[in-house]
There are 2 protein chains.
Amino acid sequence: MIQITLNEKIFVKDPLDTELGKRIIFSSINLIDELGFEAFTFKKLGSKINSTEASIYRYFTNKNQLLSYLISWYWSWLHYQLIFQTNNINDPQQCFRIALRLFTEPIQMDDSFKHVDEQALHRIVVSESSKAYLRKEVDKDNKDGYHSSYKRLVKAVADIVRKMNPSYPYAESLVSTVIEGAHHQAFFAEHLPTLTNVNQSGNSLEEFFSQLVLKTIQ
Amino acid sequence: MIQITLNEKIFVKDPLDTELGKRIIFSSINLIDELGFEAFTFKKLGSKINSTEASIYRYFTNKNQLLSYLISWYWSWLHYQLIFQTNNINDPQQCFRIALRLFTEPIQMDDSFKHVDEQALHRIVVSESSKAYLRKEVDKDNKDGYHSSYKRLVKAVADIVRKMNPSYPYAESLVSTVIEGAHHQAFFAEHLPTLTNVNQSGNSLEEFFSQLVLKTIQ
DNA sequence: TCACTTAGATAGTAATACTATCATTTAAGT
DNA sequence: ACTTAAATGATAGTATTACTATCTAAGTGA
């Protein structure tokens, strides 16, 4: 049983400390997935969990903070998976393959987190995660550590890339491009298929990015 | 003097047909750039151009349609630039270089469009363009042609990629990854620099993607 | 038992995202 | 010159959003 701990400034009151807090997290994932982030409101969430808007505000200052919390939680969880799955593996090539699979394949969540719908959270990450930072408030948010989980994950994978080729100077850029790109390509494959070749005639997301990275860093 | 024509369903009434329409376009670029898309409203725009909310609704059904219009206009304009600048150039490698420069360098707009602030529009494309499609309504929007300018541009550049290597099966994915990636990397370089190596010790956006593409398609 | 935490209930406010109506100006056709 | 239609402005109204504030009740722990 593991516990993922997030930066304290990313919530008003830690939702994992209470029963209501856990209901907020659990149900917000389903509701954001269902309605999309724009149409999602604390009022709707309140009525869904038989609580009130005011109660939810005791945990998060606004819905953007809640989104950032969910996304951060997801990155921390992926990072934990990466560390766990690459444990005792020395070949950086193989480590990278594991990382790439985490980014491109729908995740399988273990029983430690039954309260979380992993498929739904993944869909939210694909469709909504960039909205957590594409904001005017990004610098303030960043100071408060809203994006530190993401930054840690990118650094960890960039370190793997550097182990494969220490002279490649764009490790972080490559990794963040792959992560964001994986989301975009998955979204395009579903909604705007002319923008992608993924899911067409045997082409796969993983294969596309695998080739791209290995050839790029040679 | 050229005229960029956009799909008819992307507006209620063509803003380029009237004086007020042009003021809407011109000022919305500045206002979205200044406030960010979330804080931007038709009411604020109305008072900025000495008109009213109701008048703006006669051109666009909502602010998302206006955003889609601006972004579409930008893609159409880039596409035009691409065709113009690659005219009479047969070497696909060189054509690609031109395309890449269009995606990575702040554009220089010609005098035909003095009413448009090119720098501001580019900032909007970087920070807000993905919000035009990362929506629950994406399929409906797509049916109405909201994204056809983007799709045409991606196809045009993918055709260049295929000329360089006809057997590469991920041309569209590669191009859309580069375009979206160029935005992300530019945004990261400014706001979340630990996620990128661009703008650090002589590293450039253009160089990163140039290497990435050329090595990938070999 | 007292203090404290937690949450439910309710109310209120300013702003947002529209829709509707009506009057006025302007431009275009006969 | 007269008529009509299109374009805009002015104003009002509505439901919802995004909060903030206050008050009460229940439960917990020392």
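Look up a bit, the structure's there.
Quick look at the structure, then. Treat the numbers as computed from the prediction; the structure is a model and nothing was measured.

Leave glycine aside and you will find that most residues have negative phi; peptide bonds, for their part, are mostly trans. All names here are of chain A. Although it is not a glycine, Asn50 sits at a positive phi angle of roughly 55 degrees. By secondary structure assignment, the location of Asn50 is in the loop between helix H2 (42–48) and helix H3 (53–57). According to the relative accessible area criterion, Asn50 is exposed, its value standing at 73%.

Lining the immediate surroundings of DNA strand C are 18 residues, of which A:Lys13, A:Ser51, A:Arg58, A:Tyr59 and B:Glu53 lie closest. When the atoms of DNA strand C within 4 Å of the protein are sorted by group, sugar and phosphate make up 54%. Contact distances for DNA strand C include 2.4 Å between a phosphate oxygen and a side-chain N or O atom of A:Ser51. Contact distances for DNA strand C include 3.4 Å between a phosphate oxygen and a side-chain N or O atom of B:Lys44. Looking at the surface near DNA strand C, the elements that each hand over two or more residues are helix H1 (19–35) and H3 of chain A together with helix H3 (53–57) of chain B. Take the surface near DNA strand C: its biggest share by element is three residues, from H3(B). In terms of residue class, the surface near DNA strand C is made up of five nonpolar, six polar and seven charged.

This brings us to the protein's contact with DNA strand D. The environment of DNA strand D is formed by 18 residues, the closest being A:Tyr57, B:Lys13, B:Ser51, B:Arg58 and B:Tyr59. Atoms of DNA strand D within 4 Å of the protein belong to the sugar or the phosphate in 52% of instances, the rest to bases. Note that a phosphate oxygen of DNA strand D is positioned 3.3 Å from one of the side-chain N or O atoms of A:Lys44. Residue B:Lys13 places a side-chain N or O atom 2.8 Å away from a phosphate oxygen belonging to DNA strand D. With three residues, H3(A) is the single largest residue contributor to the surface near DNA strand D. Its residues placed into classes, the surface near DNA strand D shows five nonpolar, seven polar and six charged.

With an RMSD of 0.0 Å, chain A superimposes on chain B once it is rotated by 180 degrees and translated 0.0 Å along the axis. The superposition of one copy onto the other is thereby described by a two-fold rotation axis. Taken as a fraction of all interface residues of chain A, those also at the interface in chain B reach 98%, which identifies the copy contact as same-surface.

Next up on the list: the interface of chain A and chain B. Facing 52 residues of chain A, the contacting portion of chain B comprises 51 residues. Interface area for chain A against chain B, summed over the two sides, is near 4400 Å², with a carbon-plus-sulfur share of 59%. Sorting the residues of chain A by area buried against chain B places A:Leu134, A:Tyr170 and A:Leu195 first, and these three jointly supply 16% of that buried surface. The interface formed by chain A and chain B includes zero salt bridges. Seen at the junction of chain A and chain B, the total is 30 residue pairs in polar contact (both at pLDDT 80 or more). For the side of chain A that touches chain B, the secondary structure elements donating two or more residues are H1, helix H6 (118–128), helix H7 (138–143), helix H8 (148–164), helix H9 (171–191) and helix H10 (205–217) of chain A. Here the element with the most residues in the side of chain A that touches chain B is H9(A); it accounts for 12 residues. Residue classes in the side of chain A that touches chain B are distributed as 21 nonpolar, 19 polar and 12 charged.

Definitions and cut-offs
- Each chain carries its own residue numbering, running from 1 in the direction its sequence is written.
- Labels are handed out in written order, letters beginning with A for the chains and numbers beginning with 1 for the ligands.
- Residues qualify for local features only when their pLDDT is at least 70, as the model is predicted, and side-chain atom pairs are given and counted only at 80 or more; totals for whole chains, interfaces and linings, by contrast, use all residues.
- To obtain the side-chain values, all non-hydrogen atoms of the structure were included, while hydrogens and water were left out.
- Helix and strand assignments come from DSSP, with helices taken as H or I runs of at least 4 residues and strands as E runs of at least 2, each series counted from the N terminus.
- Only protein chains enter the accessibility calculation, which uses a 1.4 Å probe; a residue whose area is less than 20% of its type maximum is buried, one above 50% is exposed, and one in between is partly exposed.
- Near residues are defined by distance, with any heavy atom within 4 Å of the molecule or strand qualifying the residue.
- Pairs of N or O atoms are called polar contacts if they sit within 3.5 Å, as long as, within protein, a hydrogen donor faces a hydrogen acceptor (for residues adjacent in sequence, only side-chain-to-side-chain pairs).
- Note on residue classes: Ala, Val, Leu, Ile, Met, Phe, Trp, Tyr, Cys and Pro are nonpolar, Asp, Glu, Lys and Arg are charged, and everything else, Gly too, is polar.
- A least-squares superposition brings the copies together, and it is based on the C-alpha atoms of residues with pLDDT no lower than 70 in both.
- Whether two residues are in contact is decided by their heavy atoms: any pair within 4.5 Å suffices.
- Joining two parts hides part of their accessible area as seen by a 1.4 Å probe, and the buried area is that hidden amount summed over both.
- For this analysis, a salt bridge means a side-chain nitrogen from Lys or Arg found within 4 Å of a carboxyl oxygen belonging to Asp or Glu.

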